[in-house]
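Given next are the chains, with one letter for each unit.
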Amino acid sequence: MISQNSRRQFLSFVAGAAGGAFFAVRPAAASDGVDAVRSYYRELAGLLKQISSASVKERYNRLSPVVSRAFDLNGMARSAVGPGWASLGGEQGRVQAAFARLLIANFARRIGDFAGEVFDVDEKTESRGGVVIVKTRISRTGSSPTRIDYLMRGGKVIDLYFNGTISEVATRRAEFAPILESGGPKALVAALEQRGSSLLGEAV
Amino acid sequence: MFQQVIFLNVQRYIGEGTGFLKDLIGNWHAANARSKSALRLVLLGGVLATGACVPLMDSQTRQNALAVRALDTRDQWEEANRAQFERNKFVNDIAISPAARTYRTIVPQPLRDRIDTGSNNLDEPRIFANNLLQGRFDAAHKTFGRFLVNSILGLGGLFDVASLGGLERQSGDFGQTLFVWGFESGPYWVMPVFGPANVRDGIGRIVDIAGDPIQWILPKWVGEWPLTGVSVAAGLGQVELLDDLQQGSVDPYARFRSTYLQNRAGELAQAAGITIVPELVEAEPAAAPAAKKPRGKSKAKRQR
């Protein structure tokens, strides 16, 4: 797990600046971001107790409204495709729909063995430009906690970082790029729809 | 609320008051200030001995150079890597994954958690040794404290009670150590069996396995089989994570690579005492789009 050293100044690395440009990240007051994540976790914890033994499809149906309220799924799809978004043309809507379905279906599949996890949301947030980072920890009794940070804009999640370092959107962008390069938008839609159906146990 | 809930559960397991645990870990921090200073002096020589590998540059330049190296995502061997990835996946699908599913079916979650936590505790001496070699005395101090607290109060490491007192698990491996000493990563490399790495970290893994203090000492006391059993069981527990990554992906190779590289950048930054904030990946940044567009483009390249 990546942990922060409180004595170190929190620095941002601007990737494009190979020359090594750094800028400080401003601490932000508790905000809508914290409230939004708390509200999401509260809803999620209640729901997980009810659906942990349900089928993936049923979990998907119950999770969909909760996740859709908390996450800006369309924005995440746009970011995951990246600068080539405009060139998707008429396929944009299909990519967004298939992306949302895949993300929620994957989540529904993974939360099968809910075992009383405790969700802890840090009061202190950090802001970068127009976005806020909300830090959270999920833990089970006696085990090391798992850190998940949420990148928020306008009270909605626009990305999440597993262990504070692994961006879901960046990872999806890495997956999408070779497919878009070799097969274009239609190939991406087909791959997303096929994977989503497979996770939900539906005929492809 | 989080701490209250956890502490209540800890009380149930170890029968101790929360104040005692907090005091103990607090005292650990205070009482070891002097020993830390002595440790620094003794180890300074060791770190200086490795100084030949560290480029001579001022602190800020060195930090910047390390940050650039930490974000090195070259995949020059992609064709061979994809082929090795498929071979690893084949072995995983026919042998390892079924064994892991059987393990998850037979062994209940609470017991699997204890095995994972116990296995993590056995890693602490190796992490401690690497923290020292990296000159991270604060991390070494925390790791030593974690090992002591979890081995005693955590019933031989079965419970991570140290995290509750603020002693969070540190990273520490020989790949990181080589990074801090100034070694370049080399290309991204999918290793047989071990999976994603780069040349430097692959060598680091081999050194970590060969030089693990626990593997030298513990088998003489408890025999080889218990340790092997814990390692295999903990490894099977991790397979679930790998299966998760694979099943939810439209290009598992790219997902594994991206996940590994992002996580590794964080670990390397931690070892070097710098913080790399995860990249903000957006198609259309909300603020100052003209200034951010090129950055997004270069980041996208790095992630591949």
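Residues numbered from 1 in each chain as written. Chains lettered and ligands numbered in written order. Predicted model: local features only at pLDDT ≥ 70, side-chain atom pairs only at ≥ 80, totals over all residues.

By the naming in an unreviewed UniProt entry, chain A goes by ABC transporter substrate-binding protein and is assigned to Candidatus Raskinella chloraquaticus.

(A) Geometry of the overall build of chain A. Within chain A, the secondary structure is distributed over five helices and eight strands. Secondary structure elements of chain A, listed N to C terminal, follow the sequence β-β-β-α-α-α-α-β-β-β-β-β-α. Evaluated residue by residue, chain A yields a buried proportion of 44% over its 204 residues. Sequence-distant contacts in chain A: of pairs separated by 6 or more residues, those separated by 24 or more amount to 55%. (Helix = DSSP H or I, 4+ residues; strand = E, 2+ residues; numbered from the N terminus. Buried ≥ 20, exposed ≤ 12 C-beta atoms within 10 Å, placed from the backbone. Contact = placed C-beta atoms within 7 Å.)

(B) A look at helix α1 (residues 32-51) of chain A. All names here are of chain A. Compared with an ideal rise of 1.5 Å per residue, which puts 20 residues at 28 Å, α1 spans 28 Å between its outermost C-alpha atoms and is within 8% of the ideal. Those residues of α1 that fall on the buried side of the exposure criterion are Gly 33, Val 34, Ala 36, Val 37, Tyr 40 and Ile 51. Along the axis of α1, the buried residues cluster in a sector spanning 155°; they form a single face. In α1, those exposed residues whose orientation departs by more than 90 degrees from the buried face are Arg 42, Gly 46, Lys 49 and Gln 50. On its buried face, α1 is in contact with α2 (56-70), β4 (118-128), β5 (131-139) and β6 (146-153). (Expected span 1.5 Å × (residues − 1). Arc of directions from axis to C-beta.)

(C) Here's a closer look at the environment of Ile 133 of chain A. All names here are of chain A. With respect to the secondary-structure elements, Ile 133 resides in strand β5. When the C-alpha atoms of Ile 133 and Gly 164 are compared, they prove to be 9.9 Å apart, with 31 residues separating the residues in sequence. Among residues more than four places away in sequence, those in contact with Ile 133 are Thr 125, Glu 126, Arg 128, Asp 149 and Leu 151.

(D) Up close: the pairing of strand β2 (residues 195-198) of chain B. All names here are of chain B. As defined by bridge partners, strand β1 (residues 188-191) adjoins β2 across four bridges and the pair is classed as antiparallel. Opposite Trp 189, over in β2, you have Ala 197 as the bridge partner. Counted along the chain from β1 to the antiparallel partner β2, the turn is three residues long, and its residue Val 193 has a positive phi close to 65°. (Pairing = 2+ DSSP bridges.)

(E) The packing of α1 of chain A against α2 of chain A, seen in detail. Residues and elements named next belong to chain A. Where α1 contacts α2, the two axes come as close as 10 Å, and the packing angle between them is 175°. Comparing the axis directions of α1 and α2 gives the class roughly antiparallel. Of α2, the residues touching α1 (which contributes Ala 36, Tyr 40, Glu 43, Leu 44, Leu 47 and Ile 51) are Glu 58, Arg 59, Arg 62, Leu 63, Val 66 and Ala 70. (Axes fitted to C-alpha atoms, helices over the stretch in contact; angles between N-to-C directions. Parallel < 35°, antiparallel > 145°, perpendicular 65-115°, else oblique.)

(F) Spotlight on α2 of chain A. Residues and elements named next belong to chain A. For α2, which comprises 15 residues, the first-to-last C-alpha distance of 20 Å matches the rise-based estimate of 21 Å (1.5 Å per residue) to within 8%. Of all the bends in α2, the greatest, near 40°, is centred on Leu 63, and the proline Pro 65 appears no more than four residues after it. Of all the positions in α2, only Arg 59, Tyr 60, Leu 63 and Ala 70 are classed as buried. Against α1, α4 (92-110), β7 (156-162) and α5 (168-200) lie the buried residues of α2. (Bend = angle between axes of the 7 residues up to and from the residue.)

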